[in-house]
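Close look at the chain arrangement
Here is how the chains run, residue by residue.
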Amino acid sequence: MALVGWTVAVLILIPYQRFKAAAAGLVTAADFKYGESGNVPVAVSAPNRVFMNLLEVPVLFYVLCLVSYVTHSVSTAIIVLAWVFFGLRVAHSLIYLTYNHVAHRFLVFATSNIILVVMWLCLLRELAQ
């Protein structure tokens with residue numbers, strides 16, 4: 001639920017940034033007709049990209065959580081790793097939305113993906129017992 005809440009918060013940021021840019025005359029509706037045109041400033045396009053990131057890999061996280069729950073295979077390791085994954089995804093989003101240092105962003109993104117793989121391995125171990 002925490003990751004869903006964070007995703008919704010980023011989702012709300014998208015129209016906020018778009019309307020703010022439109023009010024400032026930086027973009028028009030035509031800039032969003034087929035996605036985002038090259039005229040869209042980074043401050044406006046970044047929340048949309050962060051939102052997409054929160055819908056891509058985390059789908060595997062949501063499936064893992066559901067399978068763990070349904071099969072009664074939730075372990076302490078999975079719970080701890082789930083919170084670490086959540087924290088890393090929030091950190092990734094915040095890096096992207098603020099100073100956007102690519103190496104920092106990549107390190108956090110890659111680490112979150114490794115954590116997710118470890119979570120799946122933990123789940124497989126739980127299911128095999």
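Further up the page is the structure itself.
Let me sum up the structure you'll find in this document. (Residues numbered from 1 in each chain as written. Predicted model: local features only at pLDDT ≥ 70, side-chain atom pairs only at ≥ 80, totals over all residues. Heavy atoms only, no water.)

Points about the nonpolar core
Convention followed: Note on terminology: a nonpolar core comprises buried Ala, Val, Leu, Ile, Met, Phe, Trp, Tyr and Cys residues joined through side-chain atoms within 4.5 Å. Here the term buried applies to any residue with accessible area under 20% of the maximum for its type, exposed to any over 50%, and partly exposed to those in between, with areas from a 1.4 Å probe on protein chains only. Labels follow the DSSP assignment, with helices taken as runs of H or I lasting at least four residues and strands as runs of E lasting at least two, numbered in each case from the N terminus. Whether two residues touch is decided by their heavy atoms; if any such pair falls within 4.5 Å, the residues are in contact.
Counting residues in hydrophobic clusters, the biggest one holds 23 residues, and the most contacted among them are Phe61, Ile78, Phe85, Ile115, Leu116 and Met119. Among the secondary structure elements, those contributing two or more residues to this core are α1 (2-23), α2 (42-55), α3 (58-70), α4 (76-97) and α5 (102-128). Looking at which element gives the most residues to this core, the answer is α4, with seven residues. Once residues within four sequence positions are removed from consideration, Leu116 is found in contact with Val57, Leu60, Phe61 and Phe85. Counting residues in hydrophobic clusters, the runner-up holds five residues, among them Val27, Phe32, Val40 and Val44.

Some remarks on the environment of Leu127
Secondary-structure assignment places Leu127 in helix α5. For Leu127, a relative accessible area of 41% gives the class partly exposed. Setting aside its immediate chain neighbours within four residues, Leu127 contacts Val67, Thr71 and Ser73.

So, the packing of α2 against α4
Test applied: For helices, the axis comes from a line fit to the C-alpha atoms of the stretch in contact; other axes are also lines fit to C-alpha atoms, and the angle between any two N-to-C directions lies between 0 and 180 degrees. Oblique is the label for any angle not under 35 degrees, not over 145, and not in the 65 to 115 range, which are roughly parallel, roughly antiparallel and roughly perpendicular in turn. By convention, the crossing between two helices is left-handed when the near helix turns anticlockwise from the far helix through less than a right angle, and right-handed when the turn is clockwise. Amino acids are sorted into nonpolar (Ala, Val, Leu, Ile, Met, Phe, Trp, Tyr, Cys and Pro), charged (Asp, Glu, Lys and Arg) and polar (every other residue, Gly among them).
As a packed pair, α2 and α4 sit with axes 9 Å apart at the nearest point and diverge in direction by 160°. Considered as vectors, α2 and α4 are oriented roughly antiparallel to each other. Here α2 runs over α4; the crossing is right-handed. Mapping the contact onto sequence places Ala46, Pro47, Arg49, Val50, Asn53 and Leu54 in α2 and Arg89, His92, Ser93, Tyr96 and Leu97 in α4. Split into classes, the residues belonging to the contact of α2 with α4 amount to six nonpolar, three polar and two charged.

Details of the pattern of salt bridges
To be explicit about the condition: A side-chain nitrogen of Lys or Arg and a carboxyl oxygen of Asp or Glu constitute a salt bridge if their distance falls within 4 Å.
This model, assessed by the stated rule, comprises three salt bridges. The shortest N-O distance in the salt bridge between Arg18 and Glu36 comes to 3.1 Å. Residue Arg18 is located in helix α1, and its partner Glu36 is located in the loop between α1 and α2; the two are separated by 18 residues in the primary sequence. Judged by its relative accessible area of 24%, Arg18 falls in the partly exposed class. Looking at Glu36, the relative accessible area reads 29%, which means it is partly exposed. Put simply, Arg125 and Glu126 hold a salt bridge, and the shortest N to O gap is 3.7 Å.

A word on unusual backbone geometry
Phi is positive for His72, which is not a glycine, with a value near 55°. The phi dihedral of Asn100 is positive, around 50°, even though this residue is not glycine. The topology assignment puts Asn100 in the loop between α4 and α5. Taking relative accessible area as the criterion, Asn100 reaches 27% and is therefore assigned partly exposed.

With respect to the packing of aromatic side chains
Here is the rule we go by: Pairing of aromatic rings covers Phe, Tyr and Trp, the last through its six-membered ring, and needs centres within 6.5 Å; plane angles under 30 degrees mean stacked, over 60 mean edge-to-face, and all others mean tilted.
One pass over the structure, following the stated rule, counts three aromatic pairs. Seen in terms of ring centroids, Phe61 and Phe85 are 4.7 Å apart; in terms of plane orientation they differ by 20°. Their pairing is stacked. Note that Phe61 is positioned in helix α3 and Phe85 in helix α4, a separation of 24 residues in sequence. Ring plane angle 90° and centroid distance 5.7 Å describe the contact between Trp83 and Phe86, whose orientation is recorded as edge-to-face.

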